[in-house]
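Residue strings, one per chain:
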Amino acid sequence: MKKIIFGITSLTLGGAERVLIDLANKLVEKFDITIFTLYTNGELEKELDERIHLKSLYNKRYKDLNKKERVLIPVSVLFNKRKIYKNYVDDNDYIAQIAFLEGAITRIFSVKSKHNTKKIAWIHNDISKVFGKSIKAKIKRIVDRNAYEKYDVLAFVSVDNLDKFNKVYDDMLLPHEKVIKNYINSERIIELSKKENEKIFNSDEVNIVQVSRLVEQKGIERLIDVHTKLIKAGYNHHIYIIGNGPLKTKLEEKIKVDNVGNTFTLLGAKENPYPYIKDADAFGLFSFFEGYPMVVEEAKILKKFVVVTNTSAREVLFDYARNSLIVNNDEEGIEQGIKYIIENKKKILEKNNDFVYENNKIIDKIVKVIEEENVKKWKYQY
């Protein structure tokens, strides 16, 4: 069997992490697969097919690192990337080495191989939103630019992400580019959605679920502001956020100060969020920016009405226009979206939804990228 290796920061609960688990479990029928992570004991590790090899740089979870370690370890990884690459990534004759997440993993996997291996980097996020304007951000951009130039193929999860990347790196001689949508095991999602869960939704309310990390990108603070305004105006609804993150304490305090604790609930991370999505009246994702949000595809698989802000998420809804709404990426747009759900609840729930998610073509495209003859490298690449 041909060998391939994927790299990702960890296998915790997250979008790219979920995609990699499903993808690896599917590809293991065709390839001998290894996954390299920086940190171990991610919640999703137990879902890996037993035939998949897993190795980690640090024998601990990122969330268990102390403040000093969170500063020193990334610096150590950056300055020791060649040693890490040699010992963990290039220690076998892989036909492809695939960096599945931006950042440290992409920098490590960019090191020159002693083998005739294809290098593939997956880009999940809107790169234009990742960098700021500080000196540190400018240095990071240069470092990442040099790393990306060393790859044979850059795989983007959306056309929008590809376009944004090209604008950020307009001075870069790009490797071969591909747009490949995220692979999702739709059968698994449907089965998991049937599992019993705590019955928390009140049928007298309009229940809206968002699944996301509690970070600035997801716009939860402004969502609380919009929600509070609508509750005061008499719009009866309840918003549930599934996920965890660094803003948890801040958001809990804001919910308390705004006195909406009875109608805005942080449910925390759920290993199985699908019964909540299935039982909700609608699914929302009100982010400031997105890559190609897998969770929206999952909501489509569960045939939910979806409302998103105008980010790259709109690309996920091209084949789902009859059962979705894209709103302006500001508080007024979010307000209009939530009002639409509330005022049209009955019509939304009764509308015929015949959407079927097809993933075989995605797998075929990924296999082709891995196996096709290596793209000619730029002669000055290393």
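Because the structure is predicted, anything quoted here is derived from the model rather than measured. (Residues numbered from 1 in each chain as written. Predicted model: local features only at pLDDT ≥ 70, side-chain atom pairs only at ≥ 80, totals over all residues. Heavy atoms only, no water.)

### Regarding the nonpolar core
In summary, soluble globular proteins display a tendency toward joint burial of nonpolar side chains.
Here is step 1: Phe6, Leu27, Ile33, Ile35 and Phe283 are the most contacted members of the largest nonpolar core, which totals 63 residues.
Here is step 2: Element by element, the count of residues in this core is highest for helix H1 (residues 15-27), at seven residues.
Here is step 3: Non-local contacts of isoleucine 35, meaning those with residues more than four positions away in its chain, are made with Phe6, Ile8, Leu11, Leu20, Ala24, Leu48, Ile52, His53, Leu54 and Lys55.
Here is step 4: Within the second largest apolar cluster, 30 residues are counted, among which are Ile84, Ile123, Tyr148 and Phe156. (Core = buried A, V, L, I, M, F, W, Y, C linked by side-chain atoms within 4.5 Å. Buried < 20%, exposed > 50% of the residue type's maximum accessible area, 1.4 Å probe, protein only. Helix = DSSP H or I, 4+ residues; strand = E, 2+ residues; numbered from the N terminus. Contact = heavy atoms within 4.5 Å.)

### Quick word on the side chain of asparagine 323
Here is step 1: Structurally, asparagine 323 can be placed in the loop between strand E12 (306-309) and strand E13 (324-327).
Here is step 2: Residue asparagine 323 is classed as buried on the basis of its relative accessible area, which comes to 7%.
Here is step 3: Apart from residues lying up to four places away in sequence, asparagine 323 is in contact with Lys304, Phe305, Val306, Lys351, Asn352 and Asn353.

### Considering the packing of aromatic side chains
Here is step 1: All chains considered together, the criterion is met by twelve aromatic pairs.
Here is step 2: Where phenylalanine 36 meets tyrosine 88, the ring centres are 5.5 Å apart and the plane angle is 40°; that geometry is what we call tilted. Here phenylalanine 36 is found in strand E2 (residues 32-39), whereas its partner tyrosine 88 is found in helix H3 (residues 81-89), with 52 residues between them in sequence.
Here is step 3: We classify phenylalanine 36 as buried; its relative accessible area is 0%.
Here is step 4: Here tyrosine 88 falls in the partly exposed class, since its relative accessible area comes to 25%.
Here is step 5: A centroid spacing of 5.8 Å and a plane angle of 25° characterise the contact between phenylalanine 305 and tyrosine 340, whose relative ring orientation is stacked. Taken together, the positions of phenylalanine 305 in the loop between helix H12 (294-301) and E12 and tyrosine 340 in helix H13 (residues 331-343) put the pair 35 residues apart, joining distant regions of the chain.
Here is step 6: Residue classification places phenylalanine 305 among the buried residues on the basis of a relative accessible area of 6%.
Here is step 7: Overall, tyrosine 340 belongs to the partly exposed group, its relative accessible area being 27%.
Here is step 8: Connected via pairs of aromatic rings, a cluster forms that spans Tyr148, Phe156, Phe165 and Tyr169.
Here is step 9: Stacked on the ring of phenylalanine 288, the Lys or Arg arginine 222 has its end atom at 4.0 Å from the ring centre. (Phe/Tyr/Trp six-rings, centres within 6.5 Å; stacked < 30°, edge-to-face > 60°. Lys NZ or Arg CZ within 6 Å of the ring centre and 35° of its normal.)

### A short note on a nonpolar patch on the surface
Here is step 1: Taken together, the side chains of Val75, Leu78 and Phe79 present a nonpolar region at the surface, about 310 Å² in accessible area.
Here is step 2: Secondary-structure assignment places valine 75 in helix H2 (residues 67-79).
Here is step 3: Judged by relative accessible area, valine 75 falls into the partly exposed class, the value being 40%. (Patch = residues over 30% accessible without salt bridge, like charges linked within 9 Å, V, L, I, M, F, W, Y side chains within 5 Å. Areas by Shrake-Rupley, 256 points an atom, 1.4 Å probe, with all protein chains shown as cover. Salt bridge = Lys/Arg side-chain N within 4 Å of Asp/Glu carboxyl O.)

### What to know about the sheet that holds strand E6 (residues 153-156)
Here is step 1: Spatially, seven strands are ordered E3-E2-E1-E4-E5-E6-E7 in an open sheet, and the strand pairing comes out parallel. Since the sheet does not close on itself, it has two edges, and those belong to strand E3 (53-58) and strand E7 (176-179), each with one partner. For this sheet, the mean inter-axis angle between neighbouring strands, taken without regard to orientation, is 20°.
Here is step 2: Two elements, E2 and E3, share five bridges in a ladder whose sense is parallel. Paired with threonine 37 across the two strands is serine 56, which belongs to E3.
Here is step 3: On the sheet, H1 packs against strand E1 (3-8) and E2 and is oriented at approximately 170° with respect to E1. (Pairing = 2+ DSSP bridges. Axes fitted to C-alpha atoms, helices over the stretch in contact; angles between N-to-C directions.)

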